[in-house]
Each structure stands twice: as C-alpha cells, then as structure tokens.
Amino acid sequence: MAITSYPFDNQSVTESQWSLLFRELSSGVAASADSAAFKVTADATGMKVKVQPGFALLRGHAVQSTAVETLTIEPADTATRTDAVVLRLDPAANSISLAVLKGTPGQPSPAPTQTDTGVYEMRLAWVSVGASVTTITAGNVAEARQFARTFTGSWWTSTRPASPRLGDLGYNRSNSAWEFWTGSDWKDLAPAVSWASVTDKPSAFPPSSHGHAWTEVTGKPSTYPPSSHSHAWTEVTGKPSTFPPSSHSHSWSSITSKPSTFPPSSHSHSGYLTSGSTIAWANGSKKPHSNSASGSGTWYAVWVEGDGTFCRNTSSIRYKENVRDIEIDPADVLALRPRLYDRKPTEEKPDARKDEYGLIAEEVAETLPQIVTYDEEGRIDALRYDLLGVALLPVVKDQEQRIKALEARIEGLAG
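Quantities reported herein were computed from a predicted structural model and do not represent experimental measurements.

What follows is about the overall build of the protein. In terms of helices and strands, the protein carries four helices and 21 strands. A compact globule built from 415 residues should have a C-alpha radius of gyration of about 22 Å, whereas the protein, at 51 Å, is more than 25% larger. On the principal axes, the C-alpha backbone points of the protein span a range of 130 × 120 × 40 Å. Burial analysis of the protein (415 residues in total) assigns 22% to the buried set. Surface summary for the protein: the accessible area is close to 30400 Å², and the carbon and sulfur share equals 53%. Within the protein, the 45 negative side-chain charges are centred at a point lying 4 Å from the centre of the 38 positive side-chain charges.

Quick look at the structure:
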C-alpha cells in the first residue's frame, strides 16, 4: 500500500513512525518549500491529476505516500469552475487520504473542512476546470501547499542545522545576526548597509525646498520698480468728468421700444433658382399664363424636392443606373379606389376646395407603395401621380393577353 497514516485507536505505531511524527510540529507538508512532496501536476491525458509522494502532518496525525497517486477530476461543466485537491484526515475512518473537492461555476474554490475533532482537510492545489474541457493541462493547476515548519532557533555558526530547509530562520549568536536558508546558503536577514554599497544612487541631489534670510542674499539691487498693481477709482487724480462712449453694440433683446413688425424695404428678385438641375426662369416669368406647353422646343416637368429645391424631371438613360425590371401585380393596381373628398381649411385658405377627387395615399400604400412619398418625419405625404400611368402598363398588358386568349378560344369554337 502506497499511503499509510497514523496514529489511530487500536493501531500499532512503530518507533520510527513516532520519531518521524514528532520531528514536525505544525500541519503541512514536511519538506522543503522547493521540493515536490505532495505536489499536484496535470496528467495531460484526460480529466486527471497526479500527486507526488511525500510526508505530511495533519492536526497531529502523519501521512506518508511512497508512490505517485492519480486522481480523477469530475467532468467539466458548461462554465469554468475551480476544484481543490486536498489531504483529508477522517478520525472516524482512521485514515488520511487524497480527495478532490468539486467547485461551483462562478464561485471561488471550495474551502477545506477544518474541525478540531472531526474531518480536517488541507489544500494541496487548485484546479481550474474550463468550460466543456476534456483534458487538464499544466496551466490549469496552481500550487496551494502549506509546509509543516519553517525552523526558527538560535545557534552559533558552527552549530547551524545540518539539513536546513528553504526558508529556515534563526539567530546566529556568533555574529549577532538573524539569518535564513536560501536553499543553498545562509543569508543575513538584515545586513548592515554602507553608503558605498548602495547601488544605482544618483551622482548629484537637487536641494530640497528651503529659504534664506534677507541678510544672507548677496548681489541684490538697491531699488525695485513697482510690480503690476491697481488703484481704487477714488485714488485716481486728474480724471475727466465725462467720457464719450466707445464703439460698442447691443443685443437685440436689450433694445427697448422696438416695433413689433417691419415692412419690407423696396427690393427685387433676379431669379428664384440658382443651383442644381434648375432653370433660372422656372418661376413662370418667361411664358404668359395663357401660353400652352406645345410646339417645338424643350419642355420639362418641374419638381420640388423636400428641401425646397426646384429641379427638372428627366427620363434619359444618361441620368440612370442599375436599371432592372419591376414586377407589378395588376390586381394591386386594380385595387386602387378613386375617392371624392374636401380639403381641410387652413389659416391662409379658410375656404378650402370642395369635391376634389383622387386617391388616398395611405390606401395606395397598402397595394402600390412604389408611388407613395414620405415627408421628413417618415409620414406618408403624397403620391407620384406621374408614375400611376407606368403602373397601369402591366394591367394593360395583362388585359391584352386575356383578350388574345379569348379571341383564340372563340376562333377555336367557331372552327
């Protein structure tokens, strides 16, 4: 058996076992801090870890392992958790054994149980179990061992401990100094430091903040020009009795008794449209009202964009790109309902038009949204009546196909 533990009720304990036990006084791994005693490492072949041989004390009981032990880590969860590998003293079972405490995802590593008379656990390592992993690697295992002792005593140089462990501390009476074992040599815990032994010190030091008595200052001037300062108005002599105002301005809100309205001054307009695809005479000034758009020459339909810009409506391929067919269901066009309505009155036009006829944009949007336009706030606003004729073409074509089909059937029946 690789692990033995003692003393327990009705158990024989050998002299060598008692000797080994009482060489150590506190709970922990009985070895140098840089040793591999009871060190936990990743198995790297699955959900397992290995524990190296060692000797340890747990609450006055001893445990010794003489071979590498392999422990199984429970399957990973869907989130990361931290398990703990412990040595567990169970007086009721008369044993000290290795165990794995399973953690909870999102929570700290489970704390070991440490009672005075019952189960007493001592942590050896933390094991980070990643989400859904199937292998424990070296990076998942973190050191958590505590060691049974760091020797503290008093000796002369000639009587230092023969087999010190890393971190052993004692008072050397030969040189009246505290010293500790580094693993290879005894080092003075608080060596005396001379100025010459200080490294990386600056070559010069700026003086700290300080002052000098006026009598100690040399080379000072005999007189001093006055520094920048001010005087109270009452102290100024020879000032004028009145002052003309300097150039200044007033905000509109500070002006009083201003009229509520202002008639426009005499002015004129040279043109209404000046930018974009616009015509300077698009206000109608070039043609009289009675003139009709017929005869030779170039004629344009004029549009007004949402920002108020006038522009001409063009149809040439020169102004278009990404041209493609559009499928319009004739039934969507035939679903449109001509309506009769009255215009709502406004302050500018209290006598609104009556009995206008046309289409309702919200109703058109349900079947033929392609000819509906929206305002700046995204609300349905108007219709592109010029596109209604284009939308009627599929209806005409559909009816033409139906007429031809009917004519063919009639001819077939007549034959």
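That shown, we press on.
Here we take up unusual backbone geometry. A cis amide bond, omega -5 degrees, links Y6 with the succeeding residue P7. Take P7: it is sitting in the loop between β1 (3–6) and α1 (15–22). Although it is not a glycine, F38 adopts a positive phi angle of roughly 55 degrees. One non-glycine residue, S257, lies in the positive phi region at around 60 degrees. Along the chain, the position of S257 falls in the loop between β15 (186–188) and β16 (301–304). The class of S257 is exposed, set by a relative accessible area of 79%.

Right, let's get into the sheet that holds β1. Within a beta sheet, neighbouring strands are joined by backbone hydrogen bonds and run either parallel or antiparallel to one another. The antiparallel open sheet is built from four strands, whose spatial order is β1-β6-β5-β2. The sheet terminates laterally at β1 and β2 (28–29), the two strands that pair on one side only.

In this section: a nonpolar patch on the surface. A surface patch of nonpolar side chains, about 460 Å² in accessible area, is lined by V193, W195, V198 and F205. Classification of V198 as partly exposed rests on a relative accessible area of 31%.

What follows covers the nonpolar core. Residues F38, V49, L58, L87, L124 and I136 are the most contacted members of the largest nonpolar core, which totals 29 residues. Sorting the residues of this core by element identifies β3 (40–42), β4 (48–51), β5 (54–58), β8 (81–90), β9 (95–101) and β10 (120–129) as the ones contributing at least two each. Examining the composition of this core, we find that six residues originate from one element, β10, more than from any other. Counting 14 residues, the second-largest nonpolar core is a separate cluster that includes I328, V333, L388 and A391.

Let us look at the pattern of salt bridges. Considering all chains together, one arrives at 16 salt bridges under this definition. The shortest N-O distance in the salt bridge between E74 and K102 comes to 3.6 Å. Of this pair, E74 sits in the loop between β7 (69–72) and β8 while K102 is found in the loop between β9 and β10, placing the two residues 28 residues apart along the sequence. Its relative accessible area of 38% is what places K102 among the partly exposed residues. Through salt bridges with shared partners, a single network forms among K39, E143 and R145.

Glancing now at the packing of aromatic side chains. Under the criterion given, the structure shown has five aromatic pairs. Both rings, one in W252 and one in F262, keep their centres 6.2 Å apart while their planes meet at 55 degrees; by these two values the pair is tilted. Here the residue W252 occupies a position in the loop between β15 and β16, and F262 occupies one in the loop between β15 and β16, the gap between them amounting to ten residues. With respect to burial, W252 and F262 carry one shared label: exposed. Sitting over the face of the ring of W233, K239 holds its NZ or CZ atom 5.0 Å from the ring centroid. Note that K258 overlies the ring of W252, its terminal NZ or CZ placed 5.2 Å from the centroid.

In space, the three strands of this open sheet follow the order β3-β4-β7, with antiparallel pairing throughout. Because the sheet does not close on itself, it has two edges, and the strands there are β3 and β7. Strand-to-strand twist across the sheet, computed as the mean angle between neighbouring axes with direction ignored, equals 35 degrees.

Turning our eyes to something else, we now look at the side chain of D168. Its place among the elements puts D168 in the loop between β12 (152–155) and β13 (169–172). For D168, a relative accessible area of 1% puts it in the buried group.

Procedures and definitions
Sequence order as written defines residue numbering, which begins from 1 separately in each chain. With the structure being a predicted model, the display of local features is reserved for residues of pLDDT at least 70 and the display and counting of side-chain atom pairs for 80 or more, all residues being used for whole-chain, interface and lining totals. Processing note: side-chain calculations cover all non-hydrogen atoms of the structure and skip hydrogens and water entirely. By the criteria applied, helices consist of DSSP H or I runs no shorter than four residues and strands consist of E runs no shorter than two, each listed in order from the N terminus. Only the C-alpha atoms count toward the radius of gyration. The rule for a globule is 2.2 Å times the residue count to the power 0.38. Categorising residues by exposure relies on relative accessible area from a 1.4 Å probe, with only protein chains included: less than 20% of the type maximum marks a residue as buried, more than 50% marks it as exposed, and the intermediate range marks it as partly exposed. Note that accessible areas follow from Shrake-Rupley with a 1.4 Å probe, and for residues the cover is restricted to the protein chains shown. In summary, the charge assignment counts Lys and Arg as positive and Asp and Glu as negative, without counting His or the chain termini. To locate a charge, take NZ of a lysine, CZ of an arginine, CG of an aspartate or CD of a glutamate. We treat two strands as partners when DSSP finds at least two bridges between them. Excluding any residue in a salt bridge, patches collect residues exceeding 30% relative accessible area, merging like charges within 9 Å and nonpolar Val, Leu, Ile, Met, Phe, Trp and Tyr side chains within 5 Å. Salt bridges are defined as contacts in which a side-chain nitrogen from Lys or Arg sits within 4 Å of a carboxyl oxygen from Asp or Glu. What makes a nonpolar core is a set of buried Ala, Val, Leu, Ile, Met, Phe, Trp, Tyr and Cys residues whose side-chain atoms join them at distances within 4.5 Å. Only the six-membered ring of Trp is used, alongside the rings of Phe and Tyr, when aromatic pairs are assigned; centres must lie within 6.5 Å, and planes under 30 degrees apart are stacked while those over 60 apart are edge-to-face, with the rest tilted. We count a charge as sitting over a ring when the NZ of a lysine or the CZ of an arginine lies within 6 Å of the ring centre and within 35 degrees of the ring normal. Inter-axis angles, ranging from 0 to 180 degrees, are taken between N-to-C directions of lines fitted to C-alpha atoms, where helices are fitted over the stretch in contact.

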